[in-house]
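Architecture at a glance
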Amino acid sequence: MWKWIGIAIIAIILLVLAVLLSRIRLKLDIAKHDNDDRAHLEIRFLYGLIKVNYDIPAIMIFNLEKGLFIGLTAMKTYIKPMLR
């Protein structure tokens, strides 16, 4: 019994270390065609196993007091399988 608890604790510690040591990659693509503004944000972390995509169809920039308004419509999250 204590053997399995010890193995579980070691596995949790290794998982936390893997998350803390992995890189987080942010990729932002912005395109403007006439009045159509589009942005695509891709976030990859946990060594590329988890990928989150945001499509931002509207970006409105107000003055400095009001700030930036972003319309977020679509969100896709992909988790790659460990084994292929």
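All of the points below concern the structure found in this document. The shown structure was predicted, so the numbers you read here are calculated from the model rather than taken from an experiment.

1. Side note on the packing of aromatic side chains
Taken as a whole and judged by the stated rule, the model has 0 aromatic pairs. The cationic tip of lysine 3 hangs over the ring face of tryptophan 4; the distance from NZ or CZ to the ring centre is 6.0 Å.

2. With respect to the pattern of salt bridges
Enumeration over the complete set of coordinates arrives at 1 salt bridge. For glutamate 42, the salt bridge identified is with arginine 44, shortest N-O distance 3.9 Å. The exposure class of arginine 44 is partly exposed, given its relative accessible area of 24%.

3. So, the environment of leucine 21
As for its placement among the helices and strands, leucine 21 is situated in helix α1 (residues 2-21). Given the relative accessible area of 65%, leucine 21 is considered exposed.

4. Remarks on the side chain of glutamate 42
For glutamate 42, the position within the fold is in strand β2 (residues 36-45). Overall, glutamate 42 belongs to the buried group, its relative accessible area being 14%. Look past the residues within four positions of glutamate 42 in its chain and what remains in contact with it is Arg25, Leu26, Lys27, Lys51, Val52 and Asn53.

5. Some remarks on the pairing of strand β3 (residues 50-56)
With 7 bridges joining them, β2 and β3 adopt antiparallel strand pairing. Counted as the bridge partner of glutamate 42 is asparagine 53 from β3. Linkage of β2 to β3, two consecutive antiparallel strands, is achieved through a turn of 4 residues, within which leucine 46 is found at a positive phi near 60°.

So, how was this worked out
- Residues numbered from 1 in each chain as written.
- Predicted model: local features only at pLDDT ≥ 70, side-chain atom pairs only at ≥ 80, totals over all residues.
- Heavy atoms only, no water.
- Phe/Tyr/Trp six-rings, centres within 6.5 Å; stacked < 30°, edge-to-face > 60°.
- Lys NZ or Arg CZ within 6 Å of the ring centre and 35° of its normal.
- Salt bridge = Lys/Arg side-chain N within 4 Å of Asp/Glu carboxyl O.
- Buried < 20%, exposed > 50% of the residue type's maximum accessible area, 1.4 Å probe, protein only.
- Helix = DSSP H or I, 4+ residues; strand = E, 2+ residues; numbered from the N terminus.
- Contact = heavy atoms within 4.5 Å.
- Pairing = 2+ DSSP bridges.

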